[in-house]
Amino acid sequence: ELFQVKFGTVPRTMFALFELVSAPDLKPYRDTLFRNPAFVVFLVIFIILGSFGINGLLVALINESILEKNQARIEAERLERELRRKKLQQKCGELSDS
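What counts, and at which threshold
- Residues numbered from 1 in each chain as written.
- Predicted model: local features only at pLDDT ≥ 70, side-chain atom pairs only at ≥ 80, totals over all residues.
- Heavy atoms only, no water.
- Axes fitted to C-alpha atoms, helices over the stretch in contact; angles between N-to-C directions.
- Helix = DSSP H or I, 4+ residues; strand = E, 2+ residues; numbered from the N terminus.
- Parallel < 35°, antiparallel > 145°, perpendicular 65-115°, else oblique.
- Left-handed = near helix turned anticlockwise from the far one by under 90°.
- Contact = heavy atoms within 4.5 Å.
- Buried < 20%, exposed > 50% of the residue type's maximum accessible area, 1.4 Å probe, protein only.
- Phe/Tyr/Trp six-rings, centres within 6.5 Å; stacked < 30°, edge-to-face > 60°.

Trainee: Pulling in residues and values, what's your account of the packing of helix H2 (residues 10-22) against helix H4 (residues 37-97)?
Mentor: Running from amino to carboxyl end, H2 crosses H4 at an angle of 70°, the nearest separation of the two axes being 8 Å. Of the possible angle classes, the one that applies to H2 and H4 is roughly perpendicular. For the element pair H2 and H4, the recorded crossing hand is right-handed. Contacts between H2 and H4 pair Leu17, Leu20 and Val21 from the former with Phe42, Leu43, Phe46, Ile47, Gly50, Ser51 and Ile54 from the latter.

Trainee: Tell me about the side chain of threonine 32, and name the residues and values.
Mentor: When you line up the elements, threonine 32 lands in helix H3 (residues 30-35). According to the relative accessible area criterion, threonine 32 is buried, its value standing at 5%. With residues near it in sequence (within four places) discarded, threonine 32 still touches Leu2, Phe3 and Phe39.

Trainee: Account for the packing of aromatic side chains, with residues named and values stated.
Mentor: Considering all chains together, one arrives at 4 aromatic pairs under this definition. Consider the rings of tyrosine 29 and phenylalanine 39, whose centres lie 6.3 Å apart with planes at 55°: the pair is tilted. With tyrosine 29 in the loop between H2 and H3 and phenylalanine 39 in helix H4, the pair connects residues that are 10 residues apart, well separated along the chain. We note that tyrosine 29, like phenylalanine 39, is buried.

Trainee: Describe the environment of leucine 49, listing the residues and the values that go with them.
Mentor: Inspection of the secondary structure assignment puts leucine 49 in helix H4. Once the C-alpha coordinates of leucine 49 and arginine 30 are considered, the two residues, 19 residues apart in sequence, prove to be 21 Å apart.

Trainee: Hey, could you go over the environment of valine 5 for me, with residue numbers and the actual values?
Mentor: Summarising the element assignment, valine 5 is placed in helix H1 (residues 2-7). As for valine 5 and aspartate 31, which are separated by 26 residues in sequence, their C-alpha atoms are 14 Å apart.

These figures come from the coordinates and say nothing about function on their own.
Okay, here's the thing in structure tokens:
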């Protein structure tokens, strides 16, 4: 039966649920879904919540990348300003010495 094949062990169950979240194809489960309405409710809720979870992870990764790039840009601009300030101080020192 489908339950034994897909959900017989914990690793198989985890893999089957991962497949459902990443690519929700319910065709292999059609016969089982008609016999077990509770399973339908569980799968629909799991797929919806899992999709939101994966979407949240992707958004968080993108935001983290953007923040890191922004911090690197800010640091580079700060170093550039500091270098210009030192050059200006050096030139002002040369002018005041002469």
